[in-house]
Amino acid sequence: MRKIIVDTSCLIILSKIKELPLLKLLYGEVLITDTIAKEFDEPLPDWIIVYPIKLNEKEFVYEKRIDKGEASAIMLALEIPNSTIIIDDFKGRALAKELGLKVTGTMGVIISAKNKKLIPRIKPILEKIKETNFYISKALENEALGLAEE
């Protein structure tokens, strides 16, 4: 079974809109690093597992390109074969793809939830997200609605 590694931004936005349980419904459990747990800074449900990573020189190289949480998520994904990383930041996604990792984002999580009939529509969730400080471009919103057939 594919392991799911979640970066801080996904946790924060889903928590803000009270949709964090979508991750549990979709994946059962998700993995984060200690760095991400500190950045999230909220009590974690028991299905979010803080997984240790081995620090090495690569992490410090990655931290020069992206933030520490994203770097730690990518390092964990590199350590766990057949994993998927949920990361929203453009630079972080680009680096993860460059390293051959399977990547999705918060929008991908929401679309998957709709496709698996865990939610009836994504539009109400997108509207809640737009009420936060999380930016969704009109192009991304339209693409997500198209993929969700809404």
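See the structure above.
Peer 1: Could you give me a rundown of the side chain of Ser 15, with the residues and numbers involved?
Peer 2: Structurally, the position occupied by Ser 15 is in helix 1 (residues 8–16). Looking at Ser 15, the relative accessible area reads 14%, which means it is buried. For Ser 15, the residues in contact, after removing those within four places along its chain, are Leu 20, Phe 40 and Glu 42.

Peer 1: If you had to explain the side chain of Asp 7 to someone new, which residues and values would you point to?
Peer 2: Assignment of secondary structure puts Asp 7 in the loop between strand 1 (3–6) and helix 1. Here Asp 7 occupies a buried position and makes no salt bridge, while the nearest side chain of opposite charge, Arg 93, is found at 9.5 Å. Those residues in contact with Asp 7, other than ones at most four positions away along the chain, are Ile 36, Gly 69, Glu 70, Ile 86 and Ile 87.

Peer 1: Describe the pairing of strand 4 (residues 83–86), and please don't skip the residues or the numbers.
Peer 2: The two faces of strand 4 match: Ser 83 and Ile 85 on one face and Thr 84 and Ile 86 on the other face are all buried. Relative to strand 4, strand 1 runs parallel, the two sharing 4 bridges. Bridging from a neighbouring strand, Ile 5 pairs with Ile 85 of strand 4. With 3 bridges joining them, strand 4 and strand 5 (residues 102–104) adopt parallel strand pairing. For Thr 84, the partnering residue across the bridge sits in strand 5 and is Lys 102. Taking the sense of rotation as the criterion, the β-α-β connection linking strand 4, helix 6 (residues 90–98) and strand 5 turns out right-handed.

Cut-offs and rules
Residues numbered from 1 in each chain as written. Predicted model: local features only at pLDDT ≥ 70, side-chain atom pairs only at ≥ 80, totals over all residues. Heavy atoms only, no water. Helix = DSSP H or I, 4+ residues; strand = E, 2+ residues; numbered from the N terminus. Buried < 20%, exposed > 50% of the residue type's maximum accessible area, 1.4 Å probe, protein only. Contact = heavy atoms within 4.5 Å. Lys, Arg positive; Asp, Glu negative; His and termini not counted. Salt bridge = Lys/Arg side-chain N within 4 Å of Asp/Glu carboxyl O. Pairing = 2+ DSSP bridges. Right-handed = clockwise from strand over helix to strand, strands pointing away.

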